[in-house]
There are 2 protein chains.
Amino acid sequence: MMPITGHTRIFGILADPIHHVKTPEVMNALLCRHGVDGVLVPFHVAPDGLAALVAGLRAQQNFGGFIATVPHKPAMLALCDALEPEAARVGAVNCVRREADGRMIGAMLDGIGFVEGLRAAGHDPRGMRAYVAGAGGAASAVAFALAGAGVAALTIANRTEYKARALCNRIAASYPALPLSTDATDVAGQDLVMNATSLGMREGDALPLDAGALHPGQIVAEAIMQPAMTPLLLAAQTAGCRIQPGLPMLECQISLMARHMGAIR
Amino acid sequence: MMPITGHTRIFGILADPIHHVKTPEVMNALLCRHGVDGVLVPFHVAPDGLAALVAGLRAQQNFGGFIATVPHKPAMLALCDALEPEAARVGAVNCVRREADGRMIGAMLDGIGFVEGLRAAGHDPRGMRAYVAGAGGAASAVAFALAGAGVAALTIANRTEYKARALCNRIAASYPALPLSTDATDVAGQDLVMNATSLGMREGDALPLDAGALHPGQIVAEAIMQPAMTPLLLAAQTAGCRIQPGLPMLECQISLMARHMGAIR
């Protein structure tokens, strides 16, 4: 890490809870590699404090921007002054640039970061049958990005099925030719299975999907970064699947986020 | 510096301008020496953004507190939820602790830090005739602390004399036996001369007092930290005075501030 001085620009990550976030280490290493006099620090803020904190950050003139994560991604949509198209389409924001005049510009980079992470690992999702567990901000981002990357079919699986249907309807509006399903039980028929729920973050969490249906030849990806090996990834490994943990995916996303915040070119 | 993770507590320094502040380096070195998982970062905020930023920091649950410096010390008085007695008496706040429930507790440690810095350098102000240039937040803090430390007489010198008189009246209410003056021209008759204005921070600034009247045997102290050697200190050195720059004074204050913010015991 670079030493922090009066010249250092500040960046943040907003989350609740905060202890599990790995972004400070990864982003600060990237800023250091690029010789940027900037530092990213964790901001622990509850949903009912989010608007006040964002209003305060508008007034902080050496603040460059922030990453928004669980549970703030959907709520950030209404707190930005302008949105990049993907954020508006997904209905969630994961990265915000603070302009010099205090305006907040929201982007959604989770999805493209996920797809780039898969490609970097040699798994181009084009033509695959894909299954996404979850229908929240992260799941929406991943689902839109997979649709854009040319998957052959897409299943959105969510405990509350009407939310999965609502997400499918929004995807269908942009990708009318893509076969969509909300059948959460169809795990076996997929090429790519992704957990985009928070299940697996806390000890004792239920599995986000029927891991008994996993089989060799499938790719199982995880959005959760801590623990590095979730119960789903352990089950997938046992079942002979190739796995894609959350932390390497974060590393692929981090330079996209640094660029959006103007920390690097 | 310790690596920044999701567990790291955040502290700040609020200033306008910000580039000159030296507190991040000094405080982060102290936190590191004490093994504290915390980091202090610079927050550049203009006066019209101060209330919004402080409101935002109330919502930041891993925020421990902040140091307030020019021009925010007097304004912080009204933005705190509770004040330590010295802050209420001086009418300014230089350090704020954020309680777990978001309440902001203001303290004024500039004055006692200055006096402790003098004592550490072997200059006990007891019995000295002291001259303070300035009548703002820092000057008030230093003046009250010098009165408390038992100076023999105290001159408050300010371009706008009624502000010096107002400060003298406030000091007289607490120290009725102390001889007080607002005669800015009486530099030669002093043992201790202190600059508590911002003159000397920017190139081309006028001197804060008549440096031609300085002579050997006097101690000349500076509140400004950047540049380390202000034109006043250079003139004092040439005149054969002992000098006390601002940065070593900051180092004496920094552990008082770390304690108030709850960063160290």
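The name given to chain A in an unreviewed UniProt entry is shikimate dehydrogenase (NADP(+)), with the source organism recorded as Cereibacter changlensis. What the UniProt record of chain A gives under Pathway (unreviewed entry) is the line "Metabolic intermediate biosynthesis; chorismate biosynthesis; chorismate from D-erythrose 4-phosphate and phosphoenolpyruvate: step 4/7." Annotation of chain A in UniProt includes, under Catalytic activity (unreviewed entry), the sentence "shikimate + NADP(+) = 3-dehydroshikimate + NADPH + H(+)".

Caption draft 1: Structural detail: the sheet that holds strand 4 (residues 82–83) of chain B. Residue and element names in this part refer to chain B. Taken together, six strands build an open sheet; the order of strands is 2-1-3-5-6-4 and the sheet is mixed. Looking at the sheet topology across the chains shown, the edges are occupied by strand 2 (38–44) and strand 4. Bridge analysis of strand 3 (residues 63–68) against strand 5 (residues 95–98) gives three bridges, and the strand direction is antiparallel. Paired with G65 across the two strands is R97, which belongs to strand 5. Running over the sheet, helix 1 (residues 23–33) touches strand 1 (9–15), strand 2 and strand 3 and is turned about 170° from strand 2.

Caption draft 2: Looking closely at unusual backbone geometry. Residue and element names in this part refer to chain A. Here the amide bond leading from V70 into P71 is cis, since omega sits at 5°, within 30 degrees of zero. In the segment running from Q226 into P227, the intervening peptide bond is cis, with an omega of 5°. Relative to the helices and strands, P227 resides in the loop between strand 11 (219–222) and helix 8 (231–238).

Caption draft 3: Spatial organisation of the interface of chain B and chain A. Counting residues at the interface gives 32 residues for chain B, matched by 32 residues for chain A. Among the secondary structure elements, those contributing two or more residues to the side of chain B that touches chain A are helix 1, strand 2 and helix 2 (50–58) of chain B.

Caption draft 4: Local environment of the sheet that holds strand 3 (residues 63–68) of chain A. All names here are of chain A. The strand order across the open sheet built from six strands is 2-1-3-5-6-4, with neighbouring strands paired in mixed fashion. The open sheet has two free edges, formed respectively by strand 2 (38–44) and strand 4 (82–83), since each of these has just one partner strand. Direction of pairing for strand 1 (residues 9–15) relative to strand 3: parallel, over a ladder of five bridges. Bridge pairing in strand 3 places I10 opposite F63.

Caption draft 5: Quick look at the nonpolar core. Grouped together as the largest cluster of nonpolar side chains are 182 residues, with contacts concentrated most on V132, V142 and A143 of chain A together with V132, V142 and A143 of chain B. Among residues more than four places away in sequence, those in contact with A143 of chain B are V132, L154, I156, L167 and I171 of chain B.

Caption draft 6: Examining the relation of the copies chain B and chain A more closely. Turning chain B through 180° and shifting it by 0.0 Å along the axis lays it on chain A, with an RMSD of 0.0 Å. Such a combination of turn and shift is consistent with a two-fold rotation axis. Judged by C-alpha distance, G56 of chain B is the residue of chain B that lies nearest the rotation axis, at 2.2 Å. In this assembly the copies share their binding face: 100% of the residues contributing to the interface of chain B also contribute to that of chain A.

Caption draft 7: Local environment of the packing of helix 5 (residues 110–120) of chain B against helix 6 (residues 137–148) of chain B. Residue and element names in this part refer to chain B. The contact between helix 5 and helix 6 brings their axes to 7 Å, and the two run at 60°. Classified by the interaxial angle, the pair formed by helix 5 and helix 6 is oblique. Every pair of crossing elements has a handedness; the one defined by helix 5 and helix 6 is right-handed. Across from D110, G111, I112, F114 and V115 in helix 5, the residues of helix 6 making contact are A138, A141, V142, F144, A145 and L146. Of the residues that constitute the contact of helix 5 with helix 6, the class distribution is nine nonpolar, one polar and one charged.

Caption draft 8: Representation of the pairing of strand 11 (residues 219–222) of chain B in the model. Residue and element names in this part refer to chain B. Across the two faces of strand 11 the burial is the same, with I219 and A221 and V220 and E222 all buried. Where strand 10 (residues 192–195) and strand 11 come together, four bridges link them in parallel fashion. Paired with V193 across the strands is V220, a residue of strand 11. Where strand 11 meets strand 12 (residues 242–244), three bridges bridge the pair, whose relative direction is parallel. Among the inter-strand pairings, V220 is bridged to a residue of strand 12, identified as I243. Chirality of the crossover, the property in question, places the unit of strand 11, helix 8 (residues 231–238) and strand 12 among those that are right-handed.

Caption draft 9: Region of the structure containing the UniProt feature "domain: Quinate/shikimate 5-dehydrogenase/glutamyl-tRNA reductase" (unreviewed entry) in chain A. Per the UniProt annotation, the sites labelled "domain: Quinate/shikimate 5-dehydrogenase/glutamyl-tRNA reductase" (unreviewed entry) are residues 127–198 of chain A. In residues 127–198 of chain A, helix accounts for 36% and strand for 22%; the two terminal C-alpha atoms are 27 Å from one another.

Caption draft 10: Layout of the domain arrangement of chain A. All names here are of chain A. As assigned here, chain A comprises domain 1 (9–109 + 250–260) and domain 2 (111–246). The C-alpha-based centres of domain 1 and domain 2 are spaced at 24 Å. Listed as interface residues are 15 residues of domain 1 and, on the opposing side, 16 residues of domain 2. Every element with two or more residues in the side of domain 1 that touches domain 2 is listed here: helix 4 (85–90) and helix 9 (246–260). Examining the composition of the side of domain 1 that touches domain 2, we find that four residues originate from one element, helix 9, more than from any other.

Caption draft 11: Examining the pairing of strand 10 of chain B more closely. All names here are of chain B. Burial of the side chains of strand 10 extends over both faces: L192 and M194 are buried on one face and V193 and N195 on the other. Inspection of the sheet shows strand 7 (residues 129–133) paired to strand 10 by four bridges, in the parallel sense. When the bridges of strand 10 are listed, Y131 appears paired with V193.

Caption draft 12: Representation of the confidence of the model for chain A within the structure. Confidence along chain A averages 95 in pLDDT terms, with 100% of residues attaining 70 or more. With pTM at 0.81, the complex prediction returns an ipTM value of 0.80.

Caption draft 13: Spotlight on the UniProt feature "domain: Shikimate dehydrogenase substrate binding N-terminal" (unreviewed entry) in chain A. Following the UniProt record, the feature "domain: Shikimate dehydrogenase substrate binding N-terminal" (unreviewed entry) maps to residues 13–96 of chain A here. Annotation note: span residues 13–96 of chain A, helix share 36%, strand share 24%, distance between end C-alpha atoms 10 Å.

Caption draft 14: View of helix 8 of chain A. All names here are of chain A. Inspection of helix 8 places L232, L233 and A236 among the buried residues, and these make up the whole buried set. Down the axis of helix 8, the sector holding all buried residues measures 95°, keeping them to one side. Against the buried residues of helix 8 lie strand 10 (192–195), strand 11 and strand 12 (242–244). Note on helix 8: the residue one or two positions beyond its end, G240, has a positive phi of about 90°.

Cut-off values and rules
Residues numbered from 1 in each chain as written. Chains lettered and ligands numbered in written order. Predicted model: local features only at pLDDT ≥ 70, side-chain atom pairs only at ≥ 80, totals over all residues. UniProt positions renumbered as here; feature names shortened; annotations may be inferred. Pairing = 2+ DSSP bridges. Helix = DSSP H or I, 4+ residues; strand = E, 2+ residues; numbered from the N terminus. Contact = placed C-beta atoms within 7 Å. Axes fitted to C-alpha atoms, helices over the stretch in contact; angles between N-to-C directions. Core = buried A, V, L, I, M, F, W, Y, C linked by C-beta atoms within 7 Å. Buried ≥ 20, exposed ≤ 12 C-beta atoms within 10 Å, placed from the backbone. Least-squares fit on C-alpha atoms with pLDDT ≥ 70 in both. Parallel < 35°, antiparallel > 145°, perpendicular 65-115°, else oblique. Left-handed = near helix turned anticlockwise from the far one by under 90°. Nonpolar A, V, L, I, M, F, W, Y, C, P; charged D, E, K, R; others polar. Right-handed = clockwise from strand over helix to strand, strands pointing away. Domains from an automatic or database assignment. pLDDT = per-residue confidence, 0-100. Arc of directions from axis to C-beta.

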